[in-house]
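# Summary of structural features
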Amino acid sequence: MKKTILSLVCAVFALASNAQSYTQPSLDRPPFGEGKFYVATALSGLDFKFTDCEKWNMDLSAKVGYLFADNWMVTAQVGYDWRQKSSNALTAGAGLRFYIEENGLYVGGGANYVHRWHDYDDFMPTVQLGYSFFLNRTVTIEPELYYNQSFKDNDYSGFGLRVGFGIYFE
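A quick note: this is a predicted structure, and the numbers were derived from the prediction, not measured. (Residues numbered from 1 in each chain as written. Predicted model: local features only at pLDDT ≥ 70, side-chain atom pairs only at ≥ 80, totals over all residues. Heavy atoms only, no water.)

Under the definition given, this model contains eleven aromatic pairs. Geometrically, the ring pair formed by Trp72 and Phe98 is tilted, given 4.6 Å between the ring centres and 45 degrees between the ring planes. Linking Trp72 in strand β3 (residues 72–83) with Phe98 in strand β4 (residues 89–99), this pair joins segments that are 26 residues apart in sequence. Trp72 sits in the partly exposed class, given a relative accessible area of 34%. Here the aromatic rings of Phe134 and Tyr168 are separated by 5.8 Å at their centres, their planes lie at 35 degrees, and the arrangement is tilted. Of this pair, Phe134 sits in strand β7 (residues 133–134) while Tyr168 sits in strand β9 (residues 158–169), and the two are 34 residues apart along the sequence. Given the relative accessible area of 1%, Phe134 is considered buried. Through a chain of ring-to-ring contacts, the aromatic side chains of Phe32, Tyr38, Tyr99, Tyr106, Phe134 and Tyr168 assemble into a single cluster. One cation-aromatic arrangement involves Arg97 over Tyr106; the distance from NZ or CZ to the ring centre is 3.9 Å. (Phe/Tyr/Trp six-rings, centres within 6.5 Å; stacked < 30°, edge-to-face > 60°. Helix = DSSP H or I, 4+ residues; strand = E, 2+ residues; numbered from the N terminus. Buried < 20%, exposed > 50% of the residue type's maximum accessible area, 1.4 Å probe, protein only. Lys NZ or Arg CZ within 6 Å of the ring centre and 35° of its normal.)

Now the structure itself:
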């Protein structure tokens, strides 16, 4: 299972990097220019998240954003975190993303409120490093490395890989 999922992720990276070379957004408007809206969904976990408390979990999230200045985006997200051994969680958060270059490399940071059923509520700061691969003028595949820090239980802190699809609107 691990090899199949890793192969799938590698194939997505390969296809997206090939698509990046000939489907760049138009040069008259920067791809991450002020005034654009953003909607995305992402999947993480699937044995790519490294924490002390779980061997397997899955996180599905939805994110919206607005580019308030060139290369600067404010985001809001909601998500559901399914865990095999401990309680599941709902998350809600906000963040800020900065596109380092117009080719899609970005860094981000934010904070998530996490509600774990039958356990506790938590506040988790997060940092991300990712890349937006354009499939056409508006649709992207976005692989992202992230780190979440838990203040309540350090076992829930950890690194992970998230793969998502994003849409940029004028």
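Attention shifts here to the side chain of Arg162. Mapped onto the elements of the fold, Arg162 is located in strand β9. Looking at Arg162, its side chain comes within polar contact range of the side chain of Glu144, at 2.4 Å. Leaving out residues up to four positions away in the same chain, Arg162 has contacts with Ala42, Leu43, Ser44, Asp59, Gln128, Glu142, Pro143, Glu144 and Tyr146. (Polar contact = N/O pair within 3.5 Å; in protein donor to acceptor, adjacent residues only side chain to side chain. Contact = heavy atoms within 4.5 Å.)

Side chains Met73, Thr75, Gln77, Gly79, Asp81 and Arg83 of β3 all project onto a buried face; the interleaved residues Trp72, Val74, Ala76, Val78, Tyr80 and Trp82 project onto a face where none is buried. In this structure, strand β2 (residues 57–69) lies alongside β3, joined through twelve bridges in antiparallel fashion. Counterpart to Ala62 in the pairing with β3 is Val78. With antiparallel pairing between neighbouring strands as the criterion, β2 and β3 make up a hairpin whose turn holds two residues, including Asn71 at a positive phi of roughly 70 degrees. Where β3 and β4 come together, ten bridges link them in antiparallel fashion. Residue pairing in the sheet places Gly79 in a bridge with Thr91 of β4. (Pairing = 2+ DSSP bridges.)

So, on to empty space enclosed by the protein. Space left empty within the atom packing is revealed by a probe, the size of a water molecule, rolled over the atoms. One pass over the full model with this rule turns up three cavities of 30 Å³ or more. What the largest cavity holds in volume is close to 180 Å³. Along its surface, the largest cavity is lined by 15 residues, and Asp59, Thr91, Asn112, Val114 and Asn148 are the ones closest to its centre. Counting residues per element, the ones that place at least two in the lining of the largest cavity are β2, β3 and β5 (105–116). Broken down by element, the residue count for the lining of the largest cavity peaks at four residues, all from β3. (1 Å grid on protein atoms, 1.4 Å probe; cavity = no way out; pocket = protein on both sides within 12 Å on 5 of 7 lines; lining within 4 Å. Points joined across faces, edges and corners; volume = space filled by probe spheres on them.)

As defined by bridge partners, β5 adjoins strand β6 (residues 121–131) across eleven bridges and the pair is classed as antiparallel. Bridge assignment links Gly108 to a residue of β6, and that residue is Gln128. Remark: four residues form the turn of the hairpin made by β5 and β6, two consecutive strands paired antiparallel; His118 in that turn has positive phi of roughly 65 degrees. Taken together, the five bridges between β6 and strand β8 (residues 139–148) define a ladder with antiparallel strand orientation. Residue pairing for β8: Thr126 is matched across the bridge by Asn148.

Turning next to a nonpolar patch on the surface. Together, Phe37, Val39, Val64, Tyr66, Phe68, Trp72, Val74, Leu96, Ile167 and Phe169 line one region of the surface with nonpolar side chains, adding up to about 840 Å² of accessible area. Elements represented by at least two residues in the nonpolar patch include exactly β1 (37–45), β2, β3 and β9. Per-element tally for the nonpolar patch: the top contributor is β2, with three residues. (Patch = residues over 30% accessible without salt bridge, like charges linked within 9 Å, V, L, I, M, F, W, Y side chains within 5 Å. Areas by Shrake-Rupley, 256 points an atom, 1.4 Å probe, with all protein chains shown as cover. Salt bridge = Lys/Arg side-chain N within 4 Å of Asp/Glu carboxyl O.)

Worth remembering: the numbers are spatial, not functional.
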